[in-house]
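# Descriptive analysis of the structure
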Amino acid sequence: MILTVNVSNTSVLLGAYEKGRQTFCASLHTNLSKTSDEYAVQMQSVLALYGRTPADISGVIFSCVVPSLLSCIRRALTHLYSGRIYTVGPGLKTGLSIRMDDPSQLGSELVCCAVEVLAAYSYPCVIISFDTATTMIALDEKGAMRGGTILPGVRTGMDALSTRTAQLPQIDLVAPKCGVLGTNSTACMQAGAILGTASMLDGMLERFADSLQCHDLFCVATGEIAPVILRHCNHPIHYHENLVLDGLYRLYCKNAK
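Everything in this summary refers to the structure shown in the same document.

Cut-offs applied
Residues numbered from 1 in each chain as written. Predicted model: local features only at pLDDT ≥ 70, side-chain atom pairs only at ≥ 80, totals over all residues. Heavy atoms only, no water. Helix = DSSP H or I, 4+ residues; strand = E, 2+ residues; numbered from the N terminus. Rg over C-alpha atoms; globule rule 2.2 N^0.38 Å. Buried < 20%, exposed > 50% of the residue type's maximum accessible area, 1.4 Å probe, protein only. Contact = heavy atoms within 4.5 Å. Areas by Shrake-Rupley, 256 points an atom, 1.4 Å probe, with all protein chains shown as cover. Lys, Arg positive; Asp, Glu negative; His and termini not counted. Charge placed at Lys NZ, Arg CZ, Asp CG, Glu CD. Arc of directions from axis to C-beta. Pairing = 2+ DSSP bridges. Axes fitted to C-alpha atoms, helices over the stretch in contact; angles between N-to-C directions. Phe/Tyr/Trp six-rings, centres within 6.5 Å; stacked < 30°, edge-to-face > 60°. Lys NZ or Arg CZ within 6 Å of the ring centre and 35° of its normal. Polar contact = N/O pair within 3.5 Å; in protein donor to acceptor, adjacent residues only side chain to side chain.

## Side note on the overall build of the protein
Secondary structure summary: the protein contains 7 helices and 10 strands in total. Expected size for 257 residues packed as a compact globule is a radius of gyration near 18 Å; at 19 Å, the protein falls within 12% of this value. Principal-axis analysis of the C-alpha atoms gives the protein an extent of 55 × 45 × 30 Å. When burial is assessed residue by residue, the protein has 49% of its 257 residues classed as buried. Look at the contacts in the protein between residues 6 or more apart in sequence, and 55% of them connect residues 24 or more apart. Accessible area for the protein stands at about 12,900 Å²; split by element, carbon and sulfur atoms hold 50% of it. One finds the centroid of the 19 positive side-chain charges in the protein at a distance of 6 Å from the centroid of its 20 negative side-chain charges.

## Considerations on helix α4 (residues 154–164)
Those residues of α4 not exposed but buried are Val-154, Met-158 and Ser-162. Down the axis of α4, the buried set is contained in an arc of 60°. They therefore lie on one face. α4 presents Thr-163 and Arg-164 as exposed residues on the side facing more than 90 degrees away from its buried surface. Contact partners of the buried residues in α4: β6 (125–130), β7 (133–139), β8 (145–152), α5 (185–212) and α6 (226–230).

## A closer look at the sheet that holds strand β2 (residues 11–18)
Working definition: the strands of a sheet are paired by backbone hydrogen bonds and lie parallel or antiparallel to each other. On the basis of which strands lie adjacent, the open sheet formed by 5 strands has the order β3-β2-β1-β4-β5 and mixed pairing. Looking along the sheet, the strands with just one partner apiece sit at the ends: β3 (21–29) and β5 (85–87). For this sheet, the mean angle separating the axes of adjacent strands, direction not counted, is 20°. Two elements, strand β1 (residues 2–7) and β2, share 6 bridges in a ladder whose sense is antiparallel. The residue of β2 that forms the bridge with Asn-6 is Leu-13. Packed onto the sheet, helix α1 (residues 36–49) meets β1, β2 and β3 and runs at close to 140° relative to β3.

## Quick word on the packing of aromatic side chains
For the structure on display, the rule yields 4 aromatic pairs. Their ring planes at 5° and their centres at 4.4 Å tell us that Phe-24 and Tyr-50 sit as a pair that is stacked. You can see Phe-24 sitting in strand β3 and its partner Tyr-50 sitting in the loop between α1 and β4 (59–64), a full 26 residues away along the chain. What makes Phe-24 buried here is its relative accessible area of 4%. The exposure class assigned to Tyr-50 is partly exposed, which follows from its relative accessible area of 34%. Above the face of the Tyr-39 ring, Lys-34 is positioned so that its terminal group lies 5.2 Å from the ring centre.

## Re the side chain of Thr-222
With respect to the helices, strands and loops of the structure, Thr-222 is situated in strand β9 (residues 218–222). With a relative accessible area of 4%, Thr-222 lands in the buried category. Among the polar contacts made by the side chain of Thr-222, one reaches the main-chain carbonyl oxygen of His-240 at a distance of 2.8 Å. Among residues more than four places away in sequence, those in contact with Thr-222 are Cys-113, Ile-128, Ser-129, Phe-130, Tyr-239, His-240, Glu-241, Asn-242 and Leu-243.

## Quick notes on the environment of Val-88
With respect to the helices and strands, Val-88 occurs in the loop between β5 and α3 (108–120). Once the C-alpha coordinates of Val-88 and Gly-107 are considered, the two residues, 19 residues apart in sequence, prove to be 9.6 Å apart. Beyond its immediate sequence surroundings of up to four residues, Val-88 is in contact with Phe-62, Ser-63, Ser-108, Val-111, Cys-112, Leu-248 and Leu-251.

## Thoughts on the environment of Asn-242
Its place among the elements puts Asn-242 in the loop between β10 (238–239) and α7 (243–255). On the accessibility criterion, Asn-242 (16% relative accessible area) is buried. Residues Asn-242 and Arg-75 lie 167 residues apart in sequence; the distance between their C-alpha atoms is 25 Å. Asn-242 has contacts with Gln-22, Cys-25 and Thr-222, leaving out every residue within four places of it along the chain. Looking at Asn-242, its side chain comes within polar contact range of the side chain of Gln-22, at 3.0 Å.

Everything listed here is a matter of geometry and, on its own, says nothing about what the molecule does.
Here is the structure:
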């Protein structure tokens, strides 16, 4: 069993792969105050939840965009597995051509996404990752990573709005039945969050298409909130639920040969 782990600002995703397919996926809340022992206990509990033990692990790879948790998560994983633990970063073979000012600033989860997209889909392509931030990254007609855009995540934006206003509540992120003509505060906020984000994506994809000089642009998205948003977009966007973890597994296979 190959264990893949992705650490973002919001969650720690764990995926297990056996014989080339994912057998389970689980998530933990990212918590900067937890120790490596606490993370190890939680990870072991996840394995037990799905009928696995640390003895079943034959390889580990992880990515992390929270620098202060990098060594903590690595130590946690060493409690579960004593072999080599691959980390997405310098020294790992990716096969990517990154045409950006400073490739070291590129989030490791986007590297994983791009690796999977290049292997599984057509390009030029735009990858959309819905997380704490909403990130859009472009691959050109040769598969080179050309650049992208970072925006506040949908939940991040709504949390900020509720926190900084006296009368706006926390809301469930679903599209209101009334459409854009909200008749109460909750419906208005839902329309802005869901329909506003969908409209933003449509407009941004037009700009990406112009920049890449491609008007038949393929687009793939990942992230828990993605299905709620994508059904309201005019531009066709393919949803790949476990894009980051699938990319991690592909990177493991590429480097563990």
